[in-house]
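What follows is each chain in one-letter form.
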Amino acid sequence: MSGRNERGERGSPYAPHTAAETEAMLDAVDADDVTDLFDIPESVAFDGDFGIEARTERDAERHVWGLLSRNDDLTEFLGRGHYEHYVPSLVDHLSQRSEFLTSYTQYQPEITQGFLQALFEYQSMLVELTGLEIVNASMYDHASALAEAALLAARVRSTDGDRVLVPEYLLAERRDILENYTDGAGLAVETYGTDDGNVDVDALAEALDDDVLMVYAENPTTRGTIEEHLADVGDLADDHGALFCLGTDPVALAVLQEPASVGADVVVGDAAALGLPTAYGMGLGLFATREEFVRQVPGRLVGASEDAADRRTYTLTLQTREQHIRRERATSNICTNQAWVALRTAIHAAYLGPAGLVDLANDCVTLAADLADRLDDVSGLQAPVHDRHHFREFVAHTDQPAAAIASDLEAEGFAVHAVGEHEVQVCVTDANEHAVDRLVAAFEEVA
């Protein structure tokens, strides 16, 4: 595209209208200015100056690199919902092919069979890992998937009720999004107790009643513990007609209990643990459920079919969202899915294969156990706090204030979470295990 119209006038390469064309269009709708086309309330309108100096491309690039160079260069042992594993370069090479990068929503099956098949493979891999029959083509992230699970529970549960039970360890940001989504549906999010990093079964039993729509638990938990009472949670939820929603991720599922076998009705999580480095923002919401709820699934599914020549084909199906059907009949107002991220996750999982995925998951168990043992030998630390098996991460007690410990570690080049007055949380994977010796030495200096 030259950017010139039929009269040879050049506009912007991205909005190629000349001033004359813009004026003609404004005249046609009887508007004096482009701003007349927008109705922005005065309370949120901005009419000031951003104070951004105009620069050439070269100067702008140098300025941005200067800003980026001010970021701290820390070795992260963070975790708590954001996990990094080594992503092989073939994931970049394949996912950055132009047919994947330029493809938007795969509405036209006749020209997007490759991408549709990749999403179908993504769904199929997660069906195998969760044991549930239905997986959608992804949600935004773990939190939005959890919120959609609560709304699904409100639609499918046969008796009245408005309570959703979540454990004490649920991350605050996930709870905020859950409450934001469910407020409009009139649901109440309530907390049940935990015991040494796992579900307190007695506390959950006491909190449950027939007005509970859904019970949520995690495996592994936010504090890194492997949940030992999943079957009890599933039975309790089933006894009261509530759905059991389990939060997890695809790496952990390679070695932990299959969700379907412990009574989970919905599985949510962030599948971006495969295929993406830690982004601290962009995720890949995992959403799996039982086949009986297939017409209540939020977002969209990729299905397999046959064309007129009896060849196997793929197509988007069951898109029961507001964008496609009447609002009152929609299951969700989610507007997109994370197709390209799901593609990367599928490539990474296929690269690892079943045995490679199990090996990676086993490393997450042994690396956490080994590092906890070494930190437990450091004066001023006791690790892990919870007498449980752990996956990737664990909480350690600090005799000194945890915030001061985390700050001193930052000065030594490491990032860990301070999660309590005297608790820090440490996450170790194949991506940062090379720095474990230096981290232990740093703890010996500051603890």
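The structure under discussion appears in the preceding block.
Residues numbered from 1 in each chain as written. Predicted model: local features only at pLDDT ≥ 70, side-chain atom pairs only at ≥ 80, totals over all residues. Heavy atoms only, no water.

### Let's talk about the pattern of salt bridges
Line of reasoning, step 1. This model, assessed by the stated rule, comprises 15 salt bridges.
Line of reasoning, step 2. For Arg 175, the salt bridge identified is with Glu 179, shortest N-O distance 3.0 Å. Of this pair, Arg 175 and Glu 179 both sit in helix 7 (residues 172-183), four residues apart, which is roughly one turn of the helix.
Line of reasoning, step 3. For Glu 179, a relative accessible area of 32% gives the class partly exposed.
Line of reasoning, step 4. In this structure, Arg 311 and Asp 307 form a salt bridge, with 2.8 Å as the shortest nitrogen-oxygen distance.
Line of reasoning, step 5. What makes Asp 307 partly exposed here is its relative accessible area of 22%.
Line of reasoning, step 6. Overlapping salt bridges bring together Arg 163, Glu 190 and Asp 211 as one network. (Salt bridge = Lys/Arg side-chain N within 4 Å of Asp/Glu carboxyl O. Helix = DSSP H or I, 4+ residues; strand = E, 2+ residues; numbered from the N terminus. Buried < 20%, exposed > 50% of the residue type's maximum accessible area, 1.4 Å probe, protein only.)

### A word on a negative patch on the surface
Line of reasoning, step 1. On the surface, Glu 23, Asp 27, Asp 30, Asp 32, Asp 33 and Asp 36 cluster together into a patch of negative charge.
Line of reasoning, step 2. If you trace the backbone, Asp 30 turns up in the loop between helix 1 (19-28) and helix 2 (57-68). (Patch = residues over 30% accessible without salt bridge, like charges linked within 9 Å, V, L, I, M, F, W, Y side chains within 5 Å. Areas by Shrake-Rupley, 256 points an atom, 1.4 Å probe, with all protein chains shown as cover. Lys, Arg positive; Asp, Glu negative; His and termini not counted. Charge placed at Lys NZ, Arg CZ, Asp CG, Glu CD.)

### Notes on the nonpolar core
Line of reasoning, step 1. If you look at the biggest cluster of nonpolar residues, it comprises 63 residues, and the most contacted ones within it are Leu 165, Tyr 192, Leu 204, Val 215, Phe 244, Val 251 and Val 302.
Line of reasoning, step 2. Contributing elements (two or more residues each) for this core: helix 5 (113-130), helix 8 (201-207), strand 7 (212-218), helix 9 (230-239), strand 8 (243-248), strand 10 (285-289), strand 12 (312-317) and helix 10 (339-376).
Line of reasoning, step 3. Sort the elements by how many residues they give to this core and helix 10 lands first, with eleven residues.
Line of reasoning, step 4. With sequence-adjacent residues up to four places away left out, Phe 244 is seen in contact with Val 215, Ala 217, Leu 230, Val 233, Gly 234, Ala 237, Val 262, Gly 263, Ala 264, Asp 265 and Val 266.
Line of reasoning, step 5. Counting 28 residues, the second largest nonpolar core, distinct from the first, contains Leu 152, Val 164, Val 189 and Phe 293. (Core = buried A, V, L, I, M, F, W, Y, C linked by side-chain atoms within 4.5 Å. Contact = heavy atoms within 4.5 Å.)

### Some thoughts on helix 7
In an α-helix there are 3.6 residues to a turn, and that puts residues three or four apart on one side.
Line of reasoning, step 1. Taking 1.5 Å as the rise per residue, helix 7 with twelve residues should run 16 Å; its terminal C-alpha atoms sit 16 Å apart, in good agreement.
Line of reasoning, step 2. Along helix 7, the residues that are buried comprise Arg 174, Leu 178 and Thr 182. For helix 7, the buried positions fall inside an angular range of 55 degrees around the axis, keeping them on one side. Exposed positions of helix 7 whose direction lies more than 90 degrees from the buried face are Asn 180 and Asp 183. (Expected span 1.5 Å × (residues − 1). Arc of directions from axis to C-beta.)

### Some thoughts on the sheet that holds strand 3 (residues 163-167)
Line of reasoning, step 1. An order of 2-10-9-8-7-3-4 is seen for the seven strands of this open sheet, with the pairing classed as mixed. The sheet terminates laterally at strand 2 (134-135) and strand 4 (188-192), the two strands that pair on one side only.
Line of reasoning, step 2. In this structure, strand 3 lies alongside strand 7, joined through three bridges in parallel fashion. Looking at the pairing, Leu 165 lines up with Val 215 of strand 7.
Line of reasoning, step 3. Helix 6 (residues 142-156) rests against strand 3, strand 7, strand 8, strand 9 (266-270) and strand 10 of the sheet, and its axis sits at about 150 degrees to strand 7. (Pairing = 2+ DSSP bridges. Axes fitted to C-alpha atoms, helices over the stretch in contact; angles between N-to-C directions.)

### Focus on the packing of helix 6 against helix 7
Line of reasoning, step 1. Interaxial distance between helix 6 and helix 7 falls to 8 Å at its minimum, and their mutual angle equals 40 degrees. Judged by the inter-axis angle, helix 6 sits oblique to helix 7. Viewed along their axes, helix 6 and helix 7 form a crossing whose handedness is right-handed. Only Arg 174, Ile 177, Leu 178, Tyr 181 and Thr 182 of helix 7 make contact with helix 6, whose side of the interface consists of His 142, Ala 143, Ser 144, Leu 146, Ala 147, Glu 148, Ala 150 and Leu 151.
Line of reasoning, step 2. Residues of the contact of helix 6 with helix 7, tallied by class, amount to eight nonpolar, three polar and two charged. (Parallel < 35°, antiparallel > 145°, perpendicular 65-115°, else oblique. Left-handed = near helix turned anticlockwise from the far one by under 90°. Nonpolar A, V, L, I, M, F, W, Y, C, P; charged D, E, K, R; others polar.)

### Here we look at the pairing of strand 12
Line of reasoning, step 1. In the sheet, strand 11 (residues 301-306) pairs with strand 12 via six bridges, with the strands oriented antiparallel. Residue pairing for strand 12: Leu 301 is matched across the bridge by Thr 317.
Line of reasoning, step 2. Linking two consecutive strands that pair antiparallel, namely strand 11 and strand 12, is a turn of five residues; a positive phi of about 65 degrees is found at Asp 310 within it.

### Let's talk about unusual backbone geometry
Line of reasoning, step 1. In this model, Asn 219 is joined to Pro 220 through a cis peptide bond whose omega is 0 degrees.
Line of reasoning, step 2. Its location among the elements puts Pro 220 in the loop between strand 7 and helix 9.
Line of reasoning, step 3. In this structure, Pro 384 follows Ala 383 across a cis peptide bond, with omega equal to -5 degrees.
Line of reasoning, step 4. Inspection of the secondary structure puts Pro 384 in the loop between strand 13 (381-382) and strand 14 (393-398).
Line of reasoning, step 5. Here the phi dihedral of Ser 138 falls at roughly 110 degrees; this positive angle occurs in a residue that is not glycine.

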